[in-house]
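Summary of structural features
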Amino acid sequence: MLLRNVNIHRFQCGFAPVLRVSRSYSNSPLSDVQHQSSDESVSGKQIKPERKSVVPSNSRFIYPEFLPDPKIEWRNSLREKLERMDMIQRRKHIDIPEFYVGSIMAVSSSNQHAPNKATRFVGICIQRLGCGLRANFTLRNVIKHVGTEMKYQLYDPTIQKIEVLRLEKRLDDELLYLRDAPNEYSTFDENMEVEYLPEGAPVPVNPEMVKLKPRPWRARWERKEMKGLADLGLEDRFYERAKELATPWEKYDLMKQYRKTIPEEEQKEIFAEVYSELHEVEVMRKKLKRKKVFIKPTKNV
């Protein structure tokens, strides 16, 4: 009776007694199965390796817009995940091929003022910026002796078709210096046909050196350390001034590089999340292309 009153008092005070019961199942058949499975796992027999999705190492170059902005103050994990879902859904409705700065592309977009309610622009990709749904790229071409540029949002719903006419890279990450170059470097035929590469072949790098027109320029290109520019032909004082303003120690600043990039572990986690769905979309498109190319033979009567 005294023990019962003590237990009731403990419950009323908010303390519940903890009962620990240890039971032995040595004589049960389940224990034999558990011991057997544990022995097999230890011995290494009949263990099936876990299947892990293999994400290509070049995914961050093919899909750079899936990586979030490295600025910490702009990061939001929920928003980034929702954006990736929207981007995947958009890619299921339109084929966004692999392209780089220096690739020759053609973009067809809706235009209510055009005769066919659509316009098509051909040009070289001179810049690719942004991440997530804000990813964009700029094409340049010379039309009727006038340099023309079109900036497109990569996931803009008004874009009907994106074609890569010539897949290649350049020596620089940006080709904005083509604005100060002769028109011949930015002139491309609007009826240019697609140039196909063998499947699995590496993306070629165009080593063309661009020679700029005489000054004035839109930027101080002698201070940019561009690899694709030919000799600028400037006086020594311009290069001396460029050396004074150069910051060669920044390439050793690890913290600055860390703030400008996404950690490798986070990149793997992001692409492991989206690559399976992107791969399925690519496989479906390849099947559809094969069906369009294949011509069913007819019987001769």
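This is a predicted model, so every value here is computed, not measured. (Residues numbered from 1 in each chain as written. Predicted model: local features only at pLDDT ≥ 70, side-chain atom pairs only at ≥ 80, totals over all residues. Heavy atoms only, no water.)

A look at the overall build of the protein chain
Looking only at helices and strands, the protein chain has seven helices and five strands in total. For the protein chain, the α and β elements follow one another from N to C terminus as α-α-α-α-β-β-β-β-β-α-α-α. The proportion of buried residues among the 301 residues of the protein chain is 30%. The contacts in the protein chain between residues at least 6 apart in sequence include a share of 64% that link residues at least 24 apart. If you sum the accessible surface of the protein chain, you get close to 22,600 Å²; carbon and sulfur atoms cover 54% of it. (Helix = DSSP H or I, 4+ residues; strand = E, 2+ residues; numbered from the N terminus. Buried < 20%, exposed > 50% of the residue type's maximum accessible area, 1.4 Å probe, protein only. Contact = heavy atoms within 4.5 Å. Areas by Shrake-Rupley, 256 points an atom, 1.4 Å probe, with all protein chains shown as cover.)

Here we look at the nonpolar core
Counting 51 residues, the largest nonpolar core has Phe66, Phe137, Leu178 and Leu212 as the members making the most contacts within it. In terms of residue count, strand E2 (residues 118–129) provides more of this core than any other element does, five residues in total. Excluding residues within four positions of it along the chain, Leu212 makes contact with Tyr177, Asp180, Ala181, Pro182, Trp217, Trp221, Leu229 and Leu232. (Core = buried A, V, L, I, M, F, W, Y, C linked by side-chain atoms within 4.5 Å.)

What about unusual backbone geometry?
Cis geometry marks the peptide bond from Arg215 to Pro216, where omega comes out at 15 degrees. Within the secondary structure layout, Pro216 lies in the loop between strand E5 (159–166) and helix H5 (236–245). Positioned with a positive phi, Lys144 is a non-glycine residue whose angle comes to about 55 degrees. By the element assignment, Lys144 lies in the loop between strand E3 (136–143) and strand E4 (146–153). The class of Lys144 is exposed, set by a relative accessible area of 75%. Phi is positive for His145, which is not a glycine, with a value near 65 degrees. Turning to its location among the elements, His145 is positioned in the loop between E3 and E4.

Here we look at the sheet that holds E5
Reading across from one edge, E4-E3-E2-E1-E5 is the order of the five strands in this open sheet, with antiparallel pairing throughout. For this open sheet the edge positions go to E4 and E5, each flanked by a neighbour on one side alone. When the angles between neighbouring strand axes are averaged without regard to direction, this sheet yields 35 degrees. Judged from the five bridges that link them, E2 and E3 form a sheet pairing that is antiparallel. Each residue of the ladder has a partner; that of Leu129, found in E3, is Asn136. (Pairing = 2+ DSSP bridges. Axes fitted to C-alpha atoms, helices over the stretch in contact; angles between N-to-C directions.)

Focus on the packing of aromatic side chains
Inspection of the entire model under this criterion finds four aromatic pairs. Ring geometry for Tyr63 versus Phe66: centroids 6.0 Å apart, planes at 85 degrees, classification edge-to-face. Of the two residues, Tyr63 and Phe66, both sit in the buried class. Counting every residue linked through ring pairs, the aromatic cluster contains Phe99, Phe137 and Tyr152. Here the basic side chain of Arg128 rests over the ring of Phe99, its NZ or CZ set 4.0 Å away from the ring centre. Lying over the aromatic face of Tyr100, Lys169 brings its terminal NZ or CZ to 4.6 Å of the ring centre. (Phe/Tyr/Trp six-rings, centres within 6.5 Å; stacked < 30°, edge-to-face > 60°. Lys NZ or Arg CZ within 6 Å of the ring centre and 35° of its normal.)

Quick word on the confidence of the model for the protein chain
Residues at a pLDDT of 70 or more form 78% of the protein chain, whose mean pLDDT is 82. The low-confidence segment residues 1–45, where pLDDT is below 50, has eleven contacts with residues more than four positions distant or belonging to other chains. Scored below 50 in pLDDT, residues 47–52 makes two contacts in the model with residues more than four places away or belonging to other chains. (pLDDT = per-residue confidence, 0-100.)

Concerning the pairing of E3
For a regular strand, side-chain orientation follows a simple rule: the groups alternate between the two sheet faces. By the criterion of burial, E3 is predominantly enclosed, with seven of the eight residues buried. Counted between consecutive antiparallel strands, the loop separating E2 from E3 contains six residues, among which Gly130 sits at a positive phi close to 80 degrees. Between E3 and E4, which pair antiparallel and follow one another directly, the connecting turn spans two residues, one of which, Lys144, has a positive phi of 55 degrees.

Considerations on the environment of Asp95
On the secondary structure map, Asp95 appears in the loop between helix H4 (77–91) and strand E1 (104–110). Judged by its relative accessible area of 30%, Asp95 falls in the partly exposed class.

Thoughts on a nonpolar patch on the surface
On the surface, a cluster of nonpolar side chains totalling about 300 Å² of accessible area is made up of Leu78, Leu82 and Met85. Mapped onto the elements, Met85 comes out in helix H4. Its relative accessible area of 46% is what places Met85 among the partly exposed residues. (Patch = residues over 30% accessible without salt bridge, like charges linked within 9 Å, V, L, I, M, F, W, Y side chains within 5 Å. Salt bridge = Lys/Arg side-chain N within 4 Å of Asp/Glu carboxyl O.)

Comments concerning the environment of Asn136
Of note, Asn136 is situated in strand E3. Remark: the alpha-carbon pair of Asn136 and Asp156, spanning 20 residues in sequence, is separated by 9.1 Å. Sequence-distant contacts of Asn136, that is, excluding residues within four places in its chain, are made with Gln127, Arg128, Leu129, Gly130, Lys151, Tyr152, Gln153 and Leu154. In terms of polar contacts, Asn136 uses its side chain to reach the backbone carbonyl oxygen of Arg134, at 3.2 Å. (Polar contact = N/O pair within 3.5 Å; in protein donor to acceptor, adjacent residues only side chain to side chain.)

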